[in-house]
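Here are the chains, one letter per residue:
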There are 2 protein chains.
Amino acid sequence: MKHHTTAARDHFTIGQLATLTGTKPVTIRYYERTGLLSPANRSAAGYRLYTPNERDRLDFIRRCRRLGLGLDEVRALLRLSDDRAAPCRQVDAIIHRQLEQVRERIRDLQSLERELERLELGCQAETVEACKIIEALSRRDEPTPV
Amino acid sequence: MKHHTTAARDHFTIGQLATLTGTKPVTIRYYERTGLLSPANRSAAGYRLYTPNERDRLDFIRRCRRLGLGLDEVRALLRLSDDRAAPCRQVDAIIHRQLEQVRERIRDLQSLERELERLELGCQAETVEACKIIEALSRRDEPTPV
DNA sequence: GCTTGACCTTGTAGCGACTATAACCTTCAT
DNA sequence: ATGAAGGTTATAGTCGCTACAAGGTCAAGC
């Protein structure tokens, strides 16, 4: 009732699917182009039509993306989830690798944070002339002393 | 003595500058194209030749990049550092904004980390059939209960 | 029946900060 | 004189979208 488009109970247009899954139509088409979603069925006029199954698949993809997984990892997980007999170990491995990467990025960002804090606190100057930040950024690393 | 190229004391080729600053030649050319570095002088044969001044400038850029600043911010800082009378406040602002962004990214990544830990611990299955990770990723959000 | 406007279609180009490739030229040591 | 290791340009690719242009379709109101 929000739109004039009539939504059948069991299939959606791309825009409806987009709203349902918090994606944008362009992104859904992009997923289709790149093989994350298989080509959708079409209406007589050529509109993509989606089933609840395809909605589930897109939800799956979006959850993976929210975990920061790349599309290649998502593809791998989709393939695994389609194969009920596949070893769960491979799923674990993907999640574990991602966790390691996230932790590494956190460590990197934390050292950045410390560096930026140091810079920020160090400067009470008025003009760039005396600015400790600019000075720090310009400082030639002391040449190895003799 | 490491290479066959003769390095004059006061100017470097692009490769020498690259080694000195931990950059790659392509990146230096990219900086020139996008206006971060002004066009280098050329040798008779068309090779770019750099002075220690230009090395300092590139070092400055690299330090900024290591702090995670975008090239636009670097451009702004370079402009400020060239103007000794400019108010230091603007430098502060750039650093402060970056610090805020870094902190936000850390928070985001930490919540990702927790989510991934939860997933990882939850699964001891053998096959995807019973895999709790796949299950969690596939779970339709519980429809609002009546 | 016609218009309006929101939707859909395709294709192409752009983002940031590089990286990769190709095809060619220069310098230096042997 | 040759070969390797530099340098030059231009162009396209990366990732995960996003923006735009030019058009076709659908439902509703008049």
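Within any chain, residue numbers begin from 1 and follow the written order of that chain's sequence. Chain A is the first chain written and ligand 1 is the first ligand written, with later ones labelled in order. Local features in this predicted model are restricted to residues whose pLDDT is 70 or higher, and side-chain atom pairs enter the listing and the counts only when it is 80 or higher, whereas totals over whole chains, interfaces and linings include all residues. Here the side-chain values reflect all heavy atoms present in the structure, with hydrogen atoms and water set aside.

Re the packing of aromatic side chains
Residue and element names in this part refer to chain A. The following threshold applies: Ring pairs are drawn from Phe, Tyr and Trp, using the six-membered ring of Trp, whenever the two centres fall within 6.5 Å, and their geometry is named by plane angle: stacked under 30 degrees, edge-to-face over 60, tilted for the rest. Relative accessibility decides the category of a residue: with a 1.4 Å probe and only protein chains considered, values under 20% of the type maximum give buried, values over 50% give exposed, and everything between is partly exposed.
In total, this model carries 2 aromatic pairs over all chains according to the counting rule given. Look at Tyr-30 and Tyr-31: their rings are 6.1 Å apart centre to centre, the planes differ by 50°, and that puts the pair in the tilted class. Residue classification places Tyr-30 among the partly exposed positions, given a relative accessible area of 36%.

With respect to the protein's contact with DNA strand D
For the record, the criterion: We call a residue near a molecule or strand as soon as one heavy atom of that residue lies within 4 Å of the molecule or strand. Polar contacts here mean pairs of N or O atoms no more than 3.5 Å apart (in protein, one a potential hydrogen donor and the other a potential acceptor; neighbouring residues in sequence count only if both atoms are side-chain atoms). Comment: elements are numbered from the N terminus, with helices defined as DSSP H or I runs of at least four residues and strands as E runs of at least two. In this classification, the charged set is Asp, Glu, Lys and Arg, the nonpolar set is Ala, Val, Leu, Ile, Met, Phe, Trp, Tyr, Cys and Pro, and all remaining amino acids, among them Gly, are polar.
Inspection of the region around DNA strand D gives 21 residues, with Arg-65 of chain A together with Gly-15, Arg-29, Tyr-47 and Arg-48 of chain B positioned closest. Between DNA strand D and Arg-65 of chain A there is a distance of 2.7 Å, counted from a phosphate oxygen to a side-chain nitrogen or oxygen. Between DNA strand D and the protein, one listed contact pairs a base nitrogen with a side-chain N or O atom of Tyr-47 of chain B at 2.8 Å. Of all the elements in the fold, those that place two or more residues in the surface near DNA strand D are α2 (25–33) of chain A together with α1 (14–21) of chain B. For the surface near DNA strand D, the residue count by class is 7 nonpolar, 9 polar and 5 charged.

Brief notes about the packing of helix α3 (residues 52–66) of chain B against helix α4 (residues 71–82) of chain B
All names here are of chain B. Put simply, the rule reads: Axis lines are fitted through C-alpha atoms, for helices just across the contact stretch, and the angle between N-to-C directions can take any value from 0 to 180 degrees. Note on terminology: angles under 35 degrees are roughly parallel, angles over 145 are roughly antiparallel, angles of 65 to 115 are roughly perpendicular, and the others are oblique. Here a crossing is taken to be left-handed if its near helix is turned anticlockwise relative to the far helix by less than a right angle, and right-handed if that turn runs clockwise. Here, two residues are considered to be in contact whenever any of their heavy atoms come within 4.5 Å of each other.
Contact geometry for α3 and α4: axes closest at 10 Å, N-to-C directions at 135°. Here α3 is positioned oblique relative to α4, judged by the angle of their axes. As α3 runs across α4, the sense of the crossing is right-handed. Side by side, α3 and α4 meet where Arg-57, Phe-60, Ile-61, Cys-64 and Arg-65 of the first sit next to Leu-71, Val-74, Leu-77, Leu-78, Ser-81 and Asp-82 of the second.

Some thoughts on the confidence of the model for chain A
The cut-off we apply is this: As a per-residue quantity, pLDDT reports the predictor's confidence and falls between 0 and 100.
Scored by pLDDT, chain A comes out at a mean of 90, with 90% of its residues at no less than 70. Taken together, the stretch residues 1–5 of chain A has pLDDT below 50 and engages in 2 contacts with residues farther than four places along the chain or on a different chain.

A few points about helix α3 (residues 52–66) of chain A
All names here are of chain A. The criterion, for reference: Expected span of a helix: the number of residues minus one, times 1.5 Å.
The terminal C-alpha atoms of α3 lie 21 Å apart, and with 15 residues this matches the ideal 21 Å at 1.5 Å per residue to within 8%. Burial in α3 covers these residues: Glu-54, Arg-55, Leu-58, Asp-59, Phe-60, Ile-61, Arg-63 and Cys-64. After α3 finishes, the residue Gly-68 shows a positive phi value of roughly 85°.

Focus: the packing of α2 of chain A against α3 of chain A
Residues and elements named next belong to chain A. For the pair α2 and α3, interaxial distance at closest approach is 12 Å and the crossing angle is 100°. The angle between α2 and α3 places the two elements in the roughly perpendicular class. Here α2 contributes Thr-27, Ile-28 and Tyr-31 to the contact with α3, which in turn contributes Leu-58, Ile-61, Arg-62 and Arg-65. Grouping the constituent residues of the contact of α2 with α3 by class yields 4 nonpolar, 1 polar and 2 charged.

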